[in-house]
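Structure at a glance
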Amino acid sequence: MTDLKKEINKLKEKKNAVILAHYYVEPEVQEIADYVGDSFYLAKIAKNSEADTIVFCGVEFMGESAKILSPEKTVLMPDASADCPMAHMATAENVLKVKEKYDDVAVVCYINSSAKLKSVSDVCVTSANALNIVNALPNKNIYFIPDKNLGSFVKKNSDKNIILNEGWCPIHNEITAEDIKAVKEAHKGVKVLMHPECTDDVLSYADYIGSTSGIIDYSEKSEDKEFIIVTEIGVIYELQKRNPDKKFYFPEPLPVCADMKKITLEKVLDCLENGLNQVEVDEEIKEKALIPLNRMLELAR
Ligand code: 13P
Ligand code: SF4
């Protein structure tokens, strides 16, 4: 073990801290984490952990959700500038306008959103549970924020009247049908596993659509030996760890989330050592945003 990793482990014990990491962060960061997973899994861990401090190796909305679910804990971000652009691609003003227009509307907020957006929403969802939660709601009208692509995927698979918002993931939204055709042409007959943040056009080529954990589980359980993976490249670490005998291909250009890649071991050590980048959420927003997050956890059970 490198000195850096030893140092992190020592401090973690001293401070009763736990390290959470998303599948998109660099392999060496995933390696030192206590828990690695998709957004849904990490939110549940953050809520239930008994640690005093959570170091969240991911982007801002993940740290904020951890703080909202576990306000008594110290939540540290290794890089305070690591943010998901999509989290800001909707406005509270528009939410209020839609609420005025439809009296029975439920505002369904993808967890990739700011705390402020959560605070004006009825229920949160992640890519692992969006479809089931929307279908379980009593409301006919659903305003789905901020991701138009995940919203559209849900719309296609539900009888609800889903109103979409103009937001998207800059990484998944960039992947084109041409990119998929090219990778399929190079690897004929290989199943295509995709994240629902991709466009409708791209998703029409999928054999399976699911969250990062869903994609990883599918490839592990399948008898197939090769897969085309259409999500951010970071998942390759867990895919290869679980399936050393299987092959994984990605579309070109490789989907890379620059914000997730900002997290380094040096920054993990620095924030743990010096208590840097503590997540703070305004009290009123925290209280209001807890309601849709808890509702998600209840409905997803
Ligand atoms: P998952 O919840 O599927 O891991 O997705 C998070 C994310 O940011 C996808 O771009
Ligand atoms: Fe946000 Fe896209 Fe990065 Fe996920 S991959 S954190 S949705 S920018």
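The structure presented is a predicted model; accordingly, all values stated were derived computationally and were not measured.

In the contact formed by helix α4 (residues 60-69) and helix α14 (residues 283-299), the axes pass within 9 Å of each other and the chain directions differ by 95°. Relative to α14, the element α4 lies roughly perpendicular. Mapping the contact onto sequence places S65, K67, I68 and L69 in α4 and K286, A289, L290, L293, N294 and L297 in α14. Partitioned by chemical class, the residues of the contact of α4 with α14 number six nonpolar, two polar and two charged.

Residues in close proximity to ligand 2 include Y24, C84, P85, M86, N112, C169, P170, I171, E197, C257 and M260, which together make up its full environment. Broken down by class, the residue content of the shell around ligand 2 amounts to nine nonpolar, one polar and one charged.

One open sheet holds the four strands; their spatial order is β6-β5-β7-β8, and the pairing between them is parallel. Each end of this open sheet is capped by a strand with a single partner; those strands are β6 (123-125) and β8 (161-164). Going across the sheet, the axis of each strand differs from the next one's by a mean of 30°, ignoring polarity. As paired strands, strand β5 (residues 106-110) and strand β7 (residues 141-145) are joined by four bridges and run parallel to one another. In the strand pairing of β7, V108 is matched with F144. Lying on the sheet, helix α8 (residues 148-156) is in contact with β5, β7 and β8; it crosses β8 at an angle near 165°.

What follows covers the site of ligand 1. For ligand 1, the full set of nearby residues is H22, Y24, D38, S39, N112, S127, H172, H195, E197, S211 and T212. One nitrogen or oxygen atom from the side chain of Y24 is found 3.4 Å from an oxygen atom belonging to ligand 1. Taken by itself ligand 1 offers 300 Å² of open surface, and the protein chains cover 95% of this. The class makeup of the residues in the shell around ligand 1 is one nonpolar, eight polar and two charged.

Another aspect to go through is helix α9 (residues 177-186). Where α9 is concerned, the buried positions are A177, D179, I180 and V183. The arc that holds every buried residue of α9, seen down its axis, measures 155°, which confines them to one face. Opposite its buried face, α9 presents the exposed residues E178, E185 and A186, each directed more than 90 degrees away.

Here four strands make up an open sheet; going across it, the order is β10-β9-β11-β12 and the pairing parallel. One side of each edge strand has no neighbouring strand; the edge strands of this open sheet are β10 (208-209) and β12 (247-249). Pairing of strand β11 (residues 226-230) with β12, which is carried by three bridges, proceeds in the parallel orientation. Looking at β12, one finds that E226 is bridged to K247. Those strands touched by α9 are β9 (191-194), β11 and β12, and its axis lies near 170° from that of β11. Packed on one face of the sheet, helix α11 (residues 212-221) meets β9, β10, β11 and β12 and runs near 155° to β9.

Attention shifts here to the pairing of β9. Bridge analysis of β9 against β11 gives four bridges, and the strand direction is parallel. Looking at the pairing, L193 lines up with I229 of β11. Relative to β10, β9 is paired through two bridges, and the arrangement is parallel. Within the sheet, the bridge partner assigned to M194 lies in β10 and is I209.

Next up on the list: the pattern of salt bridges. Side chains bearing opposite charge may pair, as long as their charged atoms lie close to each other. Taken as a whole and judged by the stated rule, the model has 19 salt bridges. For K10, the salt bridge goes to E7, with nearest N and O atoms at 3.4 Å. Taken as a pair, K10 and E7 lie in helix α1 (residues 3-14) at a separation of three residues, close to a single helical turn. Note on K10: relative accessible area 57%, which makes it exposed. In this structure, K267 engages D79 in a salt bridge whose closest nitrogen and oxygen atoms are separated by 2.7 Å. Of this pair, K267 sits in helix α13 (residues 265-274) while D79 is found in the loop between β4 (74-76) and α5 (92-101), placing the two residues 188 residues apart along the sequence. Under the relative-accessibility criterion, K267 is labelled partly exposed at 28%. Residues participating in the shared-partner salt-bridge network are D217, E220, E238, K241 and R242.

Thresholds applied
- Residues numbered from 1 in each chain as written.
- Chains lettered and ligands numbered in written order.
- Predicted model: local features only at pLDDT ≥ 70, side-chain atom pairs only at ≥ 80, totals over all residues.
- Heavy atoms only, no water.
- Axes fitted to C-alpha atoms, helices over the stretch in contact; angles between N-to-C directions.
- Helix = DSSP H or I, 4+ residues; strand = E, 2+ residues; numbered from the N terminus.
- Parallel < 35°, antiparallel > 145°, perpendicular 65-115°, else oblique.
- Contact = heavy atoms within 4.5 Å.
- Nonpolar A, V, L, I, M, F, W, Y, C, P; charged D, E, K, R; others polar.
- Near = heavy atom within 4 Å.
- Pairing = 2+ DSSP bridges.
- Polar contact = N/O pair within 3.5 Å; in protein donor to acceptor, adjacent residues only side chain to side chain.
- Areas by Shrake-Rupley, 256 points an atom, 1.4 Å probe, with all protein chains shown as cover.
- Buried < 20%, exposed > 50% of the residue type's maximum accessible area, 1.4 Å probe, protein only.
- Arc of directions from axis to C-beta.
- Salt bridge = Lys/Arg side-chain N within 4 Å of Asp/Glu carboxyl O.

Geometric values such as these leave the question of function open.
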